[in-house]
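Residue-level listing of the chains:
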2 protein chains.
Amino acid sequence: MHTYTTSRIALPSRSSQPALPEAFEPALLQPLSFFPAGAEIYAQGEKAGPFYQVEFGAVRIYRLLADGRRQISAFHLAGETFGFEADSTHHFFAEAINATGIRVFRFATGADISRQLLPLALKGLTRAQEHLLVLGRQNAIERVAAFLLDMAERQGGLQPIELPMSRMDIGDYLGLTIETVSRVFSRLKDKGVIRLSSLRSVEIVKHDALQDMSE
Amino acid sequence: MHTYTTSRIALPSRSSQPALPEAFEPALLQPLSFFPAGAEIYAQGEKAGPFYQVEFGAVRIYRLLADGRRQISAFHLAGETFGFEADSTHHFFAEAINATGIRVFRFATGADISRQLLPLALKGLTRAQEHLLVLGRQNAIERVAAFLLDMAERQGGLQPIELPMSRMDIGDYLGLTIETVSRVFSRLKDKGVIRLSSLRSVEIVKHDALQDMSE
DNA sequence: CGCGACCTTGATTACACTCAATGCGCGTGG
DNA sequence: CCACGCGCATTGAGTGTAATCAAGGTCGCG
């Protein structure tokens, strides 16, 4: 991992998320850290403390079972914030999916940042609970449809949608195998609902059809 | 729904959760509200604002798909708090499972309660993300085992465990059908892992076996 | 005591998983 | 610039777990 000490750089971000605070007060000076593909940002069991904002690239948050089964609970794209925990320990792993730039915010002991963190925590809670519905009650097509629509929305509806993650990541996020994800992509392509300009680049042709499928 | 205006009553709660604040400051006077079994506490789409603490009884938080499929994202037992939202709208339904007493906290506009709410929101976030692993990557036996261990822990390890909810509620929480839940209970009973003193009262005989199954 | 809601059990089906082989795309090195 | 190799993705065949459909059984309450 290589750490820049610049305090501000041009943002390659194409995120259209509602603007997040560019800095948190009272935050200590935040270096920009660079993580190559696959690099660990933090591990389950590690001490938590700072939190993190994606400048460019993408991050996966996940948990493992003893036998290696993996559940990705969230992806974080440019502009999004993660890493806050209920107690002082990380309950999940965080890894860079691709080359990723991350701003790390640390706080003076005693600083009260709850006012800034609460909306982010509540947003994450709502997202997680909505994802429970997908995993608990939707079939493979519905899951993939919901995922594509979510990615589209988080990229501001810009076409095509860029998927920074592999089919395996998508499977581990949706509770499906890589093969099932692939088959659903193929079916959606055959039906003319989506078009794949490349493996990681999806164009939604029939938005309404996808919406219907997602419920 | 019937509302008492007593500001303090004896608590039938048997929860051994870490003590939650008995009152939030600066909260307005909180009446105790009584909800009979099945009563709606709030609905998806309703305006949010106050939040809620279970005094006795149990609550289910859920979401519906258009065709009626239901996912329960959380149960809340005595002592637990729920109802806070990312924006001013409820994204879920909340219903009393049984006869339930709930304290409703409302706040003066402008009051900053983020310091008190943040730990609760973060706890909920961790719980939801852990449940994602169960729904995404565990089979029926593992799901039921994890559920029973969770209920046991939240009741302080007291035996037997009281299940305030129906098999259907359990199924909708675990992403299973009522039949599958029933079959798994039967299998666990036949194996001598649990004992059912009644339908809603479970004794964990082989705690270790259950723990092994839950992962 | 009888009814109705809830639960259990059985038989069959279906959807996604597993195992296996092939295909594609990209980076590297000749 | 092309060929090779490797990682990732697709496609196919067969299997298995949980869903569905259906029939009883049990519990609790009026």
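Going by the structure above, here's the rest.
Here is a short report on the structure shown in this document. Computed from a prediction, not measured in an experiment: that's the story for all the values here. Within every chain, residues take consecutive numbers counted from 1 along the sequence as written. Naming scheme: in the order in which they are written, chains are lettered from A and ligands are numbered from 1. In view of the model being predicted, local features appear only for residues whose pLDDT reaches at least 70, and side-chain atom pairs are presented and counted only at 80 or more, with totals across whole chains, interfaces and linings using the full set of residues. Each side-chain value is worked out from all heavy atoms of the structure, with water and hydrogens disregarded.

**What to know about the overall build of chain A**
Move 1: If you tally the helices and strands in chain A, you get five helices and twelve strands.
Move 2: For every residue, the accessible area (1.4 Å probe, protein chains only) is compared with the maximum for its type, and the residue is labelled buried under 20%, exposed over 50%, or partly exposed between those bounds. Classification of the 215 residues of chain A by burial places 52% in the buried group.
Move 3: When contacts within chain A are restricted to residue pairs at least 6 apart in sequence, those whose partners lie at least 24 apart make up 73%.
Move 4: Under the convention used here, a 1.4 Å probe and the Shrake-Rupley method define accessible areas, while residue burial counts only the protein chains that appear. If you sum the accessible surface of chain A, you get close to 9,700 Å²; carbon and sulfur atoms cover 54% of it. Under the DSSP-based scheme used, a helix requires at least four consecutive residues in state H or I and a strand at least two consecutive residues in state E, with every element numbered from the N terminus. Two residues qualify as a contact provided that any one of their heavy atoms is within 4.5 Å of a heavy atom in the partner residue.

**Description of the packing of helix α3 (residues 167-174) of chain B against helix α4 (residues 178-190) of chain B**
All names here are of chain B.
Move 1: In the contact formed by α3 and α4, the axes pass within 8 Å of each other and the chain directions differ by 100°. With respect to α4, the element α3 is oriented roughly perpendicular. Here R167, M168, I170 and G171 of α3 lie close against α4, whose contacting residues are I178, V181 and F185.
Move 2: Three residue categories are used. Nonpolar comprises Ala, Val, Leu, Ile, Met, Phe, Trp, Tyr, Cys and Pro, charged comprises Asp, Glu, Lys and Arg, and polar comprises the others, including Gly. Classifying every residue of the contact of α3 with α4 gives five nonpolar, one polar and one charged. A fitted line through C-alpha atoms serves as each axis, taken over the contacting stretch for helices, and the angle formed by two N-to-C directions is quoted from 0 to 180°. To sort the angles, those under 35 degrees are grouped as roughly parallel, those over 145 as roughly antiparallel, those from 65 to 115 as roughly perpendicular, and the leftovers as oblique.

**Re the protein's contact with DNA strand D**
Move 1: Here a residue is near a molecule or strand as soon as one of its heavy atoms is found within 4 Å of it. Around DNA strand D, the surrounding shell holds 17 residues, and the nearest of these are A:S182, A:R183, A:S186, B:A140 and B:T180.
Move 2: At the protein interface, 67% of the atoms of DNA strand D within 4 Å belong to sugar or phosphate.
Move 3: Definition of a polar contact: a pair of N or O atoms within 3.5 Å, with one able to donate and the other able to accept a hydrogen when the atoms are protein atoms, and with sequence-neighbouring residues admitted only if both atoms are side-chain atoms. Taking A:S182, its side chain carries an N or O atom lying 2.7 Å from a phosphate oxygen of DNA strand D.
Move 4: A:S186 has a polar side-chain atom sitting 2.3 Å from a phosphate oxygen of DNA strand D.
Move 5: When residues of the surface near DNA strand D are traced back to their parent elements, those giving at least two are α3 (167-174) and α4 (178-190) of chain A together with α4 of chain B.
Move 6: Residues belonging to the surface near DNA strand D are distributed by class as follows: four nonpolar, seven polar and six charged.

**Digging into the protein's contact with DNA strand C**
Move 1: Around DNA strand C sit 17 residues in total, of which A:A140, A:T180, B:S182, B:R183 and B:S186 are the nearest.
Move 2: Backbone atoms, meaning sugar plus phosphate, form 67% of the atoms of DNA strand C positioned within 4 Å of the protein.
Move 3: In this structure, a phosphate oxygen belonging to DNA strand C sits 3.1 Å away from a side-chain N or O atom of A:T177.
Move 4: Between A:E179 and DNA strand C, the recorded distance is 3.0 Å, taken from a side-chain N or O atom to a base nitrogen.
Move 5: Counting only elements with at least two residues in the surface near DNA strand C, the list comes to α4 of chain A together with α3 and α4 of chain B.
Move 6: Broken down by element, the residue count for the surface near DNA strand C peaks at four residues, all from α4(B).
Move 7: Tallied by class, residues from the surface near DNA strand C come to four nonpolar, seven polar and six charged.

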